[in-house]
Amino acid sequence: MLIHQLPPKPDYFRVKIWRRLQRLGAVAIKNSVYVLPKNDQTQEDFQWLLREIVEGRGEASLCEARFVEGLSDDQVEALFHAARGTEYDQIAEEARRLSAMPLPDGQIDETRRTQLEIDLARLKRRLAEVVAIDFFGAPGREAAEGLVSGVEARMTGKNSTLGPDSVRTFRREDFHGKTWVTRKGIYVDRMASAWLIRRFIDPDARFKFVPPKGYRPQLGELRFDMFEAEFTHEGDRCTLEVLIERMVIDDPALNPIAEIVHDIDLKDSKFGRQETPGIERLVAGIAMAHKDDENRLARAAAVFDDLYEYFRRKSS
């Protein structure tokens, strides 16, 4: 926890310190009180910043806090999620803008191609910076990574994960008896993906919920909807859409479910189905009422079972 007081002048110094705090990924819990999760790197970062504040004729102190009065651990973590989630949303929006631009064609467009490459490089660098300070695995990372990688694949012509004719597919029976691993705190895409896995791929599938960073899969484990996962966002498709396509699950009732999950997860209103707001409220209610991921999964599975039966009857 960094507690500081800055001199009223000069203004540039106050802006400089604020920007440094943003780059470190610190979040404010009160005026002039900022927090970071405790590790060697964050301690060193705050110590350098403290020194900079003091040299600028401000006051600062650094302390280790076991708890913050008035805030639970979950609430503090939610502050980090909100900060990084906003940044991931901005990156995703920029990636969509680049993806919508026509690709340059021919020598006459060389200047525009160069500018697109510069914009993509800048976006990738920004994504890497946000990932580095995403201490608790904020929602939105997989979507942002998928959209940025989709832009890169489109610009380089490497569309192996994007075009419907070139997508690699699998036999569902080859995935029986596996343990499926994803991030703790499951939400809509992970809920729906886990439901799909048990209903259409392996009814006896086991699930493991792990921290968002640093996990290395063991023999017989598959990751989904997390960094470097075997199944995660690709281009502008959420993990559920990727699983349906890769596993060649041809069921018309799944299409509207995938569209609903897509719009809730990616927040782009691509499909605009009338059922989406109601399902979003149901999912949010499950997440608020149940901290345990197995309980969340059980409650969410019941919702998606009912939704599937509803769309199955409509399509028959």
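Residues numbered from 1 in each chain as written. Predicted model: local features only at pLDDT ≥ 70, side-chain atom pairs only at ≥ 80, totals over all residues. Heavy atoms only, no water.

### Some thoughts on the pairing of strand E6 (residues 206–210)
And then number 1: In the sheet, strand E5 (residues 179–183) pairs with E6 via five bridges, with the strands oriented parallel. When the bridges of E6 are listed, Trp180 appears paired with Phe207.
And then number 2: Taken together, E5, helix H6 (residues 188–201) and E6 constitute a β-α-β crossover, and its handedness is right-handed. (Pairing = 2+ DSSP bridges. Helix = DSSP H or I, 4+ residues; strand = E, 2+ residues; numbered from the N terminus. Right-handed = clockwise from strand over helix to strand, strands pointing away.)

### Side note on the confidence of the model for the protein
And then number 1: The share of residues in the protein with pLDDT of 70 or more is 95%, and the mean pLDDT across the chain is 90.
And then number 2: Scored below 50 in pLDDT, residues 159–166 makes 14 contacts in the model with residues more than four places away or belonging to other chains. (pLDDT = per-residue confidence, 0-100. Contact = heavy atoms within 4.5 Å.)

### Examining the sheet that holds strand E2 (residues 27–30)
And then number 1: As summarised here, the arrangement of the four strands in space is E2-E3-E1-E4, forming an open sheet in which the pairing is antiparallel. Unpaired on one side and paired on the other, E2 and strand E4 (59–62) mark the two borders of the sheet. Each strand axis lies, on average, 30 degrees off the axis of its neighbour in the sheet, ignoring direction.
And then number 2: Note: strand E1 (residues 2–5) against E4, four bridges, orientation antiparallel. Note that in E4 the partner of Ile3 across the bridge is Ser61.
And then number 3: Running over the sheet, helix H2 (residues 40–55) touches E1, strand E3 (33–35) and E4 and is turned about 160 degrees from E4. (Axes fitted to C-alpha atoms, helices over the stretch in contact; angles between N-to-C directions.)

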